[in-house]
Amino acid sequence: MAKTTYKRILLKLSGEALLGEEDYGIDPIIIGRIAKEIQEVLEAGVQVAIVIGGGNIFRGAGLAEAGIDRVTGDHMGMLATLMNSLALQDALEKTGVEARVMSAISVHDVSEDYIRRRATRHLEKGRVVIIAGGTGNPFFTTDTAAALRAIEIGADMVLKATKVDGVFSADPNTHQDAHLYDSLSYDKVIEGKLGVMDANAIVLCRDQAMPIRVFNVFGSGNLMRIVNGKNVGTIIC
């Protein structure tokens, strides 16, 4: 087995990353490809925890803008993350990978409760741990949940999967002259309002010295290149 740079990572997937060519829900081709890349990383000896958003189904803030009570909307968003987590668990198991869904909200028929020591034990046994339900509290995003869980389980890095190649000086879809950053400080991300993750997540990672790497999830093999120490996307530290 080749030596990898990291022993344990936390992968943050947005719900939108699962859309693929679909307008809503989950693209089976996309989730299958992501599962295959996770399998390759796991087989290289890296322990993998995952936090998934729910924006492809429900986003609490968006529901609040439409008139739904914010707390109710956030709870709906938490349930959406659980749906995505179950779908990814199924895709991983189809590749032969053992996976456990652990939720910050109790849904005992379909998932385990998130308990830090139990999650760590699953990782040590070579299982992928998919953490659903955000932090279990309204007003906190799944970005903040990813930062919190990464710190709790002792991950070496948060890998923030996006649709673009990293962090740019402006939206690369609308600004052709947008510059891709190779590296950034936490404070630069916050002060520049670069929109990588929400400010709570960045501050939490900064205070606990948890590095973040932002990369394009649709770039084939990017995940494996990162765990092998390659400079992919943007590093925030």
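Scroll up for the structure.
Residues numbered from 1 in each chain as written. Predicted model: local features only at pLDDT ≥ 70, side-chain atom pairs only at ≥ 80, totals over all residues. Heavy atoms only, no water.

Caption draft 1: Geometry of the overall build of the protein. Regarding its fold elements, the protein presents 8 helices and 9 strands. Computed over its C-alpha atoms, the radius of gyration of the protein comes to 17 Å, within 12% of the 18 Å expected for a compact globule of 237 residues. Principal-axis analysis of the C-alpha atoms places the extent of the protein at approximately 55 × 50 × 35 Å. For the protein, buried positions account for 51% of its 237 residues. Carbon and sulfur atoms form 50% of the exposed surface of the protein, whose accessible area is close to 11100 Å². (Helix = DSSP H or I, 4+ residues; strand = E, 2+ residues; numbered from the N terminus. Rg over C-alpha atoms; globule rule 2.2 N^0.38 Å. Buried < 20%, exposed > 50% of the residue type's maximum accessible area, 1.4 Å probe, protein only. Areas by Shrake-Rupley, 256 points an atom, 1.4 Å probe, with all protein chains shown as cover.)

Caption draft 2: Up close: the state of the cysteines. Tallied over the full model, the rule gives 0 disulfides. Here Cys 205 stays free of any disulfide, with the sulfur of Cys 237 as its closest cysteine sulfur at 11 Å. (Disulfide = S-S within 2.5 Å.)

Caption draft 3: Seen up close, the pairing of strand 8 (residues 212-216). Within strand 8, 5 of the 5 residues are buried, which leaves it mostly tucked inside the rest of the structure. The alternating pattern of strand 8 places Ile 212, Val 214 and Asn 216 on one face and Arg 213 and Phe 215 on the opposite face, and all of these are buried. The sheet contact formed by strand 6 (residues 157-162) and strand 8 spans 5 bridges and is parallel. Along strand 8, the bridge assignment pairs Val 158 with Ile 212. (Pairing = 2+ DSSP bridges.)

Caption draft 4: View of unusual backbone geometry. For Phe 139, which is not a glycine, the phi torsion comes out positive at approximately 75 degrees. Tracing the backbone through its elements, the reader meets Phe 139 in the loop between strand 5 (128-132) and helix 5 (142-153). Backbone geometry at Ala 209 places phi at a positive 55 degrees, although glycine is not the residue there. For Ala 209, the position within the fold is in the loop between helix 7 (199-207) and strand 8.

Caption draft 5: Representation of the pattern of salt bridges in the model. A full pass over the atoms with the stated rule returns 12 salt bridges. For Arg 70, the salt bridge goes to Asp 74, with nearest N and O atoms at 3.0 Å. Separated by 4 residues within a single helix, Arg 70 and Asp 74 lie in helix 3 (residues 70-94), roughly one turn from each other. In this structure, the salt-bridge partner of Asp 143 is Lys 160, at a minimum N-O distance of 2.9 Å. Here the residue Asp 143 occupies a position in helix 5, and Lys 160 occupies one in strand 6, the gap between them amounting to 17 residues. As far as the burial class goes, Asp 143 and Lys 160 line up, both buried. Where salt bridges share partners, they join Glu 98, Arg 100, Glu 112 and Arg 127 into one cluster. (Salt bridge = Lys/Arg side-chain N within 4 Å of Asp/Glu carboxyl O.)

Caption draft 6: Expanded view of the environment of Arg 117. Tracing the chain through its elements places Arg 117 in helix 4 (residues 116-124). Separated by 35 residues in the primary sequence, Arg 117 and Glu 152 have C-alpha atoms spaced 9.2 Å apart.

Any functional reading would require information that these geometric values do not contain.
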